[in-house]
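Each chain, written out:
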Amino acid sequence: QVQFVESGGGLVQPGGSLRLSCAASGTATNIRRMAWYRQAPGKLRAWVASITITGSTDYQPSLEGRFTISRDSAKNTVYLQMNNLTPEDTAVYYCNAPGAWVSWGQGTQVTVSS
């Protein structure tokens, strides 16, 4: 069994930056893609970005250029660098492995407000 633990969220002002981390523990033998998702108040959980084992990345079109997903295989960790944050980025951010049947974690809260 594998589980993911998100961290790095917090309260920032518009225009600020945050770097989120997703640490994996346990055994994960079939994971070939990792992704970040977010859920804003009153909205559905939405896909943010993904990265494959080869390093290929994809982003929600509206976020490309501000958000960067990366990984450190040696540390079993995936990151999400978020720059030029706006209040619309306020949400709980989650990481997961699409198609791997891993339960959702607690996520990490990101609040952008002045």
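Along each chain, residues carry numbers from 1 onward, in the same order as the chain's sequence is written. Local features in this predicted model are restricted to residues whose pLDDT is 70 or higher, and side-chain atom pairs enter the listing and the counts only when it is 80 or higher, whereas totals over whole chains, interfaces and linings include all residues. With hydrogens and water set aside, each side-chain value is computed from the structure's full complement of heavy atoms.

Asks: What exactly am I supposed to notice about the environment of Ser113 here?
Replies: Secondary structure elements follow DSSP: runs of H or I no shorter than four residues count as helices, runs of E no shorter than two count as strands, and numbering proceeds from the N terminus. Structurally, Ser113 is set in the segment after strand S10 (108-112). Only protein chains enter the calculation, and the probe is 1.4 Å; a residue is then buried if its accessible area is under 20% of its type maximum, exposed if over 50%, and partly exposed in between. Taking relative accessible area as the criterion, Ser113 reaches 40% and is therefore assigned partly exposed. Note on definitions: a residue-residue contact is assigned when non-hydrogen atoms from the two residues lie within 4.5 Å. Residue contacts for Ser113: discarding those within four places in its chain leaves Leu11, Val12, Gln13 and Pro14.

Asks: Explain the pairing of strand S8 (residues 77-82) to me, please; I cannot follow it from the model alone.
Replies: Looking down a regular strand, the side chains alternate between one sheet face and the other. With five of six residues buried, S8 lies mostly within the body of the structure. By the convention used here, strands pair only if DSSP detects at least 2 bridges between them. As judged from the six bridges shared by strand S3 (residues 18-26) and S8, these two strands associate in the antiparallel manner. Each bridged residue has a counterpart across the sheet, and for Ala23 the counterpart in S8 is Thr77. Taken together, the six bridges between strand S7 (residues 67-72) and S8 define a ladder with antiparallel strand orientation. Among the inter-strand pairings, Ser70 is bridged to a residue of S8, identified as Tyr79.

Asks: Which parts of the structure should I look at to understand the sheet that holds strand S9 (residues 91-96)?
Replies: Within a sheet, neighbouring strands are paired by backbone hydrogen bonds and run either parallel or antiparallel to one another. In space, the six strands of this open sheet follow the order S2-S10-S9-S4-S5-S6, with mixed pairing throughout. On the outer flanks of this sheet lie strand S2 (10-12) and strand S6 (57-59), each paired with one strand and no other. For this sheet the average axis-to-axis angle between neighbouring strands, irrespective of direction, equals 20°. In the sheet, strand S5 (residues 46-52) pairs with S6 via three bridges, with the strands oriented antiparallel. If you follow Ser50 over to S6, its bridge partner there is Asp58. Axis angles are defined between N-to-C directions and span 0 to 180 degrees, where every axis is a line fitted to C-alpha atoms and, for a helix, only to the segment in contact.

So yeah, pure geometry; function would need other evidence.
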